[in-house]
Amino acid sequence: MKASDWQWQLQNRAKTLEQLFALRPDILGGPMEKEIRGRQKAFDGTAHQFRFSVTPYYLSLASRTELDPIWRQILPDEAELSDHRFTQPDPLAEESHMPVPGLTHRYPDRVLWYLSHNCAVYCRFCMRKRKVSRSESAPTLHQRNAALEYIRSNRAISEVILSGGDPLSQSDEILYSILSELKRMDHLSSIRIHTRMPVTCPQRITASFARMLRRLEPITVVTHFNHAQECTEQSARAIRQIRRSGCLVLNQSVLLSGINDSVRAQRDLQHQLLRMGVKPYYLHQCDEVQGVSHFRVNLSRGMELQKELRGRNPGISLPLYVIDLPGGGGKVPVDSSYFVQKSPPEFKNFEGHRFAVHPDIPENSGRLSASQSSPGGESI
Ligand code: SF4
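Below is a summary of the structure that appears in this document. Remember, predicted model here, so these are calculated numbers, not experimental data.

This part is about the overall build of the protein. Within the protein, the secondary structure is distributed over 14 helices and twelve strands. Compactness check: the protein gives a C-alpha radius of gyration of 20 Å against a globular reference of 21 Å for 380 residues, within 12% of the reference. Projected onto its principal axes, the C-alpha coordinates of the protein cover approximately 55 × 55 × 40 Å. Taken across its 380 residues, the protein has 57% of its residues classed as buried. The contacts in the protein between residues at least 6 apart in sequence include a share of 75% that link residues at least 24 apart. Total accessible area computed for the protein in this model is approximately 16,000 Å², and 49% of it derives from carbon and sulfur atoms. Looking at charge distribution, the protein has the averaged site of its 49 positive side-chain charges lying 4 Å from that of its 40 negative ones.

Spelled out as structure tokens, the structure:
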């Protein structure tokens, strides 16, 4: 096996500080070695709850000298251990809308099915930290069959979203058996695969995987690029393979403090996505998950950013800025027609019910934004 093989990438992931340094000897003696060693407490303190893991490929994208958007997404932070703002591991109530283990049925016509709790890279802002990165909590064969049976017998369901963890951490054989079963259900009009593999391990998109997609198309593949630095030639090749198999490719990203919360960062990402043939679909407000509040951008700032982008960019490049309402209220656009100006702020969902969200983090709270942290970043 070699670096171009996805299994090699997964088997050779850095899971400890020493493995990280072994994969990136070029940072030894420089500012990033100091920065990373200073995070020993964060590495130790978060290990039992949400693991550290990164592929050699994704790690190679990180800067040699500065804490860039790649490092910020993968390095444990002490702020994860002392999050007093968000206290819930599952604020979207995904676990309490689960008719069978591993499948959330929240909207009448859609189900979200967690095919794996493994990912190539563990993103520190992950909204499913409560179970992702723990391989022992992955669904069993019995649970997979129960989920298939549930979908088969509920004809009101028209869309199945395969998510995780990363569903593409399953083998092609398992994916084929699941997808072909779903394709046989004539009440389903849409199957979506949500995956970050084209970003963190593009080697996963092999010719045989693409052939499998071609046999099953149309399927919608939703990727998760957060920053233009992730849009490499390898990723573009992976996207090309998926598109040539007849699938629609969309991208969802998360608005992340210090990573992509500037006009420049958003515009560069959107343009790179379009260059690869990916339609920017959703920009998510970071969820109120315990241990991620240091990534959160306040809502008014997020809305202002959207306004700035709308004026300067073609409509096709603009994702919809959305918030997933705490308590299982569902996803709504962050705009004035859904927003109820109150303290704490509230949103109306698709049924007109009101859901309170966490109050905005005050401006000038001292946290870094992408515009401050990346060279050439543009202030909003
Ligand atoms: S790839 Fe997705 S599910 Fe996996 S850690 Fe990242 S955000 Fe979470």
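Still more to cover.
A few words on helix α7 (residues 141–153). Because the α-helix completes a turn every 3.6 residues, residues three or four places apart line up on one side. For α7, with 13 residues, the first-to-last C-alpha span of 18 Å sits near the 18 Å given by 1.5 Å per residue. Along α7, the positions that sit buried rather than exposed are R144, A147, L148, Y150 and I151. One face of α7 carries all of its buried residues, which in axial projection span an arc of 160°. Of the exposed residues in α7, those oriented more than 90 degrees away from the buried face are L141, H142 and S153.

Below, the discussion takes up the site of the ligand. By nearness alone, every residue bordering the ligand is listed as C119, V121, Y122, C123, C126, V132, G165 and R196. Residues that form the shell around the ligand fall into these classes: six nonpolar, one polar and one charged.

Before going further, it helps to examine the packing of aromatic side chains. Inspection of the entire model under this criterion finds four aromatic pairs. With a centroid separation of 4.9 Å and 65° between ring planes, the pair formed by F43 and F52 is classed as edge-to-face. Accessibility assignment for this pair places F43 and F52 in one class, buried. Sitting over the ring of Y107, R110 keeps its end group 4.1 Å from the ring centre.

Here we come to the pairing of strand β5 (residues 220–223). Side chains T220 and V222 of β5 all project onto a buried face; the interleaved residues V221 and T223 project onto the opposite face, where all are buried too. Traced from β5 through helix α11 (residues 233–244) to strand β6 (residues 248–255), the parallel crossover comes out right-handed.

In terms of residue burial, strand β3 (residues 159–163) counts as a mostly covered element, since five of its five residues are buried. Because side chains alternate across β3, one face comprises the buried residues E159, I161 and S163, and the other comprises V160 and L162, equally buried. Relative to β3, strand β2 (residues 110–114) is paired through five bridges, and the arrangement is parallel. Pairing of V111 across the sheet is with V160, part of β3. Taken together, the four bridges between β3 and strand β4 (residues 190–194) define a ladder with parallel strand orientation. When the bridges of β4 are listed, L162 appears paired with I193. Note that the unit made of β3, helix α8 (residues 172–183) and β4 has a crossover that is right-handed.

Right, let's get into the sheet that holds β2. The mixed open sheet is built from nine strands, whose spatial order is β1-β2-β3-β4-β5-β6-β7-β8-β9. Of all strands in the sheet, those with a lone pairing partner are β1 (103–104) and β9 (330–333), marking the two edges. Here strand β8 (residues 320–325) pairs with β9 via four bridges, running antiparallel. Looking across to β9, one finds that L325 is bridged to G330. Across the sheet, α7 is in contact with β1, β2 and β3; its angle to β2 comes to roughly 170°.

Position of Q11 relative to the elements: it lies in helix α1 (residues 6–11). Put simply, Q11 and A120 are 109 residues apart on the chain and 9.7 Å apart in space, counted from C-alpha to C-alpha.

Glancing now at the packing of α8 against helix α10 (residues 207–216). Where α8 contacts α10, the axes come no closer than 11 Å and their chain directions differ by 5°. One way to sum up the angle between α8 and α10 is to call them roughly parallel. Note on element contacts: α10 touches α8 through S208, F209, M212, R215 and L216, opposite D172, L175, Y176, L179, S180 and K183. Partitioned by chemical class, the residues of the contact of α8 with α10 number six nonpolar, two polar and three charged.

Okay, unusual backbone geometry next. Look at the link from G164 to G165: it is a cis peptide, with omega at 20°. As for its placement among the helices and strands, G165 is situated in the loop between β3 and α8.

Spatially, the three strands line up as an open sheet ordered β10-β11-β12, and their pairing is antiparallel. Each edge of the sheet is formed by a strand with only one pairing partner; in this case those strands are β10 (339–340) and β12 (354–356). Direction of pairing for strand β11 (residues 346–348) relative to β12: antiparallel, over a ladder of three bridges. Across the sheet, the residue bridging to E346 is A356, located in β12.

The rules behind each value
- Residues numbered from 1 in each chain as written.
- Predicted model: local features only at pLDDT ≥ 70, side-chain atom pairs only at ≥ 80, totals over all residues.
- Heavy atoms only, no water.
- Helix = DSSP H or I, 4+ residues; strand = E, 2+ residues; numbered from the N terminus.
- Rg over C-alpha atoms; globule rule 2.2 N^0.38 Å.
- Buried < 20%, exposed > 50% of the residue type's maximum accessible area, 1.4 Å probe, protein only.
- Contact = heavy atoms within 4.5 Å.
- Areas by Shrake-Rupley, 256 points an atom, 1.4 Å probe, with all protein chains shown as cover.
- Lys, Arg positive; Asp, Glu negative; His and termini not counted.
- Charge placed at Lys NZ, Arg CZ, Asp CG, Glu CD.
- Expected span 1.5 Å × (residues − 1).
- Arc of directions from axis to C-beta.
- Near = heavy atom within 4 Å.
- Nonpolar A, V, L, I, M, F, W, Y, C, P; charged D, E, K, R; others polar.
- Phe/Tyr/Trp six-rings, centres within 6.5 Å; stacked < 30°, edge-to-face > 60°.
- Lys NZ or Arg CZ within 6 Å of the ring centre and 35° of its normal.
- Right-handed = clockwise from strand over helix to strand, strands pointing away.
- Pairing = 2+ DSSP bridges.
- Axes fitted to C-alpha atoms, helices over the stretch in contact; angles between N-to-C directions.
- Parallel < 35°, antiparallel > 145°, perpendicular 65-115°, else oblique.

Function-wise, these values are silent; they only describe arrangement.
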